[in-house]
Amino acid sequence: MADHDAIIVGSGVNSLACGAFLARAGWRVAVLERESELGGAVRTAELTEPGFHHDVFSAWHPLWVGGPAHAELGDALAERGLEYLNTEHPTVAAQAELVFGVLGTELWSRAGLNLGVKAYRRLGRRGLAEFSGELVQSSRDWLTTTFRSERTHGLLAPWVLHTGLGPDAAASGFMTRVIAFAIEAGGMPIPRGGGARLVDALTRLIEDHGGTCRTGQDVERVVVSGGRATGVRLTDGNVLNAGRAVVCNVTPTQLYGRLLEPGDVPAEIGEAGKRFRFGRSEMQIHFALSELPRWDGDDRLGRTAIVHLTSGLDGVSRAVNEAERGLLPAEATVVVGQPLTIDDTRAPAGKGLLWIQLQELPWHVRGDAAGELDTGDGTWNESLRERYADRIQARLARHIPNFEASVLKRVVLSPADLQAANINLEQGDPYSGSLALDQNFLWRPFPRQPGHSTPIDGLFQIGASTWPGPGLGAGSGTLVAKALLQPPVAERIAGRISSFLRLRQA
Ligand SMILES: Cc1cc2nc3c(=O)[nH]c(=O)nc-3n(C[C@H](O)[C@H](O)[C@H](O)COP(=O)(O)OP(=O)(O)OC[C@H]3O[C@@H](n4cnc5c(N)ncnc54)[C@H](O)[C@@H]3O)c2cc1C
């Protein structure tokens, strides 16, 4: 008998949600993580000074709270200490059911087909054509044809960066609307004490149902026997067996370039997996401040969870374009996260803490659009990292007069640091793969092998590289867990026949 029913490689939010669903259903689950902490891109640490609890990577949880895993597991997680704090949350609706239906469905499945039929029934032929046209519209086109005010364009355009796209990319209009709805409907929830409290609660849930979550376990091979995944081999040589499923939360480059032998899968699929493309790179800057930031102009900015510093739609577009051409943007879109506006336990009383995100950076730096910084050999070394962060710090100081004097400590994570911290953040891409249309929706992770199954029986791929993509919604982990927990086809047909007979007898 195998040691486990399911082995889950990697401990990102998708893995933990998947593990929690399976363990709750009685499966013997093992989650294996190569790093020293569980959670992947969800980690909280006293990164700068004691008492300052920084969300090192992701910080904002509207996708988790609005997602399918939270809907089912939320109560069990609350019993295990997870508490969400929030800003005000008004609601909005506009084809929202269909929009979120697309994001929560395995598109290459009967459920995907059913969703298409439902959309057709609801919208008719013309309406469906219009809806699918809107799906591929750019953010620029949606914004400029929907709102007259350039301020509104500037307010919404930066959000498209949080979906891995730029405002001129195909489908960025749809994603701008998705994120605007999500925030409007769900506010900006974060866990009291830090994002890692979600990881703690999910881990406890898995363990309470007999599963294990282990760190320091680097999986180097999926063991395949007779065309079926039977377990994994670790870098220390240990082999663990899985009787029902091996679920890998990895990029296609790792799955097809490291974990599988070349002969395990058809050559064209292996090669296509290795060619999976990554998107723009990212930098995180964490500040511990001796006092709260006092914003210039409007004191409501000091009470706002996320402020974007931007010159507007064209500013975002220019910075994205510069990054895509290998340049450090002259004027980046600066995401200024202020978690203390929601959770004052993150820092000692009266102190300040900022979470800064820069999503318009190249992996190989070919130059500086501002013509100021020497970019050397184009790699993200310490000097380039700190000089670029200086530029951002100076920009913040122009809007926050008490800023420079209040900085106690700054910690910067360059794209290279992100890649070193989590193998899934290849090339410092926070979203684990370009979300260009040919790697998105029906084609994620890549057109040769879309969805979550692989050419090997019992082997599944989840994580940000797979549909429905990055973010804390845990969509892929949930979809795969639900699929695994479906009774086999024969049992399902027998079940349907017996309920039909019962109905007739009644
Ligand atoms: C800096 C940053 C900020 C972000 N901000 C937000 C935000 O505020 N809100 C939001 O919704 N989303 C945000 N995101 C995106 C979101 O955090 C990620 O998309 C999501 O957390 C990815 O989860 P995952 O399940 O795909 O796995 P990951 O979090 O990528 O974790 C995968 C784990 O698998 C492990 N692993 C990989 N290969 C192996 C192996 N062979 N053996 C063992 N272990 C392995 C890795 O070490 C890693 O720990 C952010 C991302 C980043 C990087």
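Residues numbered from 1 in each chain as written. Predicted model: local features only at pLDDT ≥ 70, side-chain atom pairs only at ≥ 80, totals over all residues. Heavy atoms only, no water.

Describing the overall build of the protein chain
Operational definition: Helix numbers and strand numbers start at the N terminus; a helix is a DSSP run of H or I with at least 4 residues, a strand a run of E with at least 2. Here the globule rule reads 2.2 Å times residues to the power 0.38, and the radius of gyration is calculated from C-alpha atoms. Whether two residues touch is decided by their heavy atoms; if any such pair falls within 4.5 Å, the residues are in contact. Note that accessible areas follow from Shrake-Rupley with a 1.4 Å probe, and for residues the cover is restricted to the protein chains shown. Counted as positive: Lys and Arg. Counted as negative: Asp and Glu. His and the chain ends are not counted at all. Here the site of a charge means atom NZ of a Lys, CZ of an Arg, CG of an Asp or CD of a Glu.
Broken down by element type, the protein chain carries 17 helices and 18 strands. Relative to a compact globule of 506 residues, whose C-alpha radius of gyration would be 23 Å, the protein chain shows 23 Å and is just as compact. In terms of overall dimensions, the protein chain has C-alpha extents of about 75 × 60 × 45 Å along its principal axes. Residue pairs in contact within the protein chain that sit at least 24 positions apart in sequence constitute 73% of those at least 6 positions apart. Carbon and sulfur atoms provide 50% of the accessible area of the protein chain, an area that totals close to 21800 Å². Looking at charge distribution, the protein chain has the averaged site of its 50 positive side-chain charges lying 7 Å from that of its 57 negative ones.

Quick look at the site of the ligand
The condition that has to hold: Residue proximity to a molecule or strand is established when one non-hydrogen atom of the residue lies within 4 Å of it. Pairs of N or O atoms are called polar contacts if they sit within 3.5 Å, as long as, within protein, a hydrogen donor faces a hydrogen acceptor (for residues adjacent in sequence, only side-chain-to-side-chain pairs). Only Asp, Glu, Lys and Arg are considered charged, only Ala, Val, Leu, Ile, Met, Phe, Trp, Tyr, Cys and Pro nonpolar, and every remaining residue, Gly among them, polar.
Around the ligand, 39 residues are found, and the nearest of them are Glu33, Ala41, Asn249, Ala464 and Gly471. Contacts to the ligand include Trp60, whose backbone N or O atom sits 2.8 Å from a nitrogen atom. Leu472 is positioned such that a nitrogen or oxygen atom in its backbone is 3.0 Å from an oxygen atom of the ligand. The fraction of the free accessible surface of the ligand (1000 Å²) that becomes covered by protein chains is 97%. Along the lines of polarity and charge, the residues of the shell around the ligand split into 17 nonpolar, 16 polar and 6 charged.

Comments concerning empty space enclosed by the protein
Applied cut-off: Lining residues are those with an atom within 4 Å of a point, where the points come from a 1 Å grid over the protein atoms alone and group into cavities, where a 1.4 Å probe fits but cannot get out, or pockets, open sets with protein on both sides within 12 Å along at least five of seven lines. Grid points are joined across faces, edges and corners, and a volume is the space filled by probe spheres set on the points.
Inspection of every chain in the model, using the stated rule, returns 2 cavities of 30 Å³ or more. When its volume is computed, the largest cavity comes out at roughly 70 Å³. Along the walls of the largest cavity sit Leu161, Gly164, Gly279, Arg280, Ser281, Gln359, Asp429, Pro430, Tyr431, Gly433, Ser434 and Leu435, which together make up its complete lining. Class assignment of the residues belonging to the lining of the largest cavity gives a composition of 4 nonpolar, 6 polar and 2 charged. The computed volume of the second largest cavity comes to approximately 40 Å³. Lining the second largest cavity are Glu106, Leu107, Trp108, Phe441, Leu442, Arg444, Pro450, Gly451 and Trp467.

So, the nonpolar core
Put simply, the rule is: The nonpolar core is taken to be a set of buried Ala, Val, Leu, Ile, Met, Phe, Trp, Tyr and Cys residues, with the residues joined through side-chain atoms within 4.5 Å. For the exposure calls, accessible area comes from a 1.4 Å probe over protein chains only, and a residue counts as buried if that area is under 20% of its type's maximum, exposed if over 50%, partly exposed in between.
Leu22, Trp64, Leu73, Leu77, Leu202 and Val247 are the most contacted members of the largest nonpolar core, which has 36 residues in total. Of all the secondary-structure elements, those providing two or more residues to this core are strand 1 (4-9), helix 1 (13-24), strand 2 (29-32), helix 3 (68-79), helix 9 (196-208), strand 10 (239-249) and helix 16 (475-485). Grouped together as the second largest cluster of nonpolar side chains are 25 residues, Val336, Leu358, Leu396 and Ile400 included.

Here's the deal with the packing of aromatic side chains
How we decide: Aromatic contacts are taken between Phe, Tyr and Trp rings whose centres are within 6.5 Å, Trp giving its six-membered ring; a plane angle under 30 degrees counts as stacked, one over 60 as edge-to-face, and the others as tilted.
Applying the stated rule across the entire model yields 8 aromatic pairs. Put simply, the rings of Phe174, Phe441 and Trp467 touch in pairs and so form one group of aromatic residues.

A closer look at the environment of Arg325
Within the element layout of this structure, Arg325 appears in the loop between helix 12 (313-324) and strand 13 (327-328). Residue Arg325 is classed as partly exposed on the basis of its relative accessible area, which comes to 45%. When the C-alpha atoms of Arg325 and His364 are compared, they prove to be 9.7 Å apart, with 39 residues separating the residues in sequence. One polar contact links Arg325 to Asn321, side chain to side chain, over a distance of 2.7 Å.

Details of the sheet that holds strand 17 (residues 407-413)
To keep things clear, this is the line we draw: If DSSP finds at least two bridges between two strands, the strands pair. Only C-alpha atoms enter the line fits that serve as axes; for helices the fit covers just the stretch in contact. Angles between N-to-C directions range over 0 to 180 degrees.
Judged by pairing direction, the sheet is antiparallel, and its 5 strands sit side by side in the order 12-14-15-11-17 without closing on themselves. Whereas interior strands pair on both sides, the edge strands pair on one side only; in this sheet they are strand 12 (306-309) and strand 17. Within the sheet, the average angular offset between the axes of one strand and its neighbour, ignoring direction, is 20°. One ladder, built from 8 bridges, connects strand 11 (residues 281-289) with strand 15 (residues 352-361); its direction is antiparallel. When the bridges of strand 15 are listed, His286 appears paired with Trp355. In the packing of helix 13 (residues 382-399) onto the sheet, the strands contacted are strand 11, strand 12, strand 14 (334-337), strand 15 and strand 17, and the crossing angle to strand 17 comes to about 135°.

Some thoughts on unusual backbone geometry
Residue Pro445 is reached from Arg444 by a cis peptide bond, and omega for that bond is 5°. Following the sequence through the fold, Pro445 ends up in the loop between helix 15 (415-421) and strand 18 (459-462). You will see that Ala171, though not glycine, has its phi angle at about 75°, which is positive. Structurally, Ala171 can be placed in the loop between helix 7 (150-156) and helix 8 (172-186). Phi is positive for Phe441, which is not a glycine, with a value near 45°. Tracing the sequence through the fold places Phe441 in the loop between helix 15 and strand 18.

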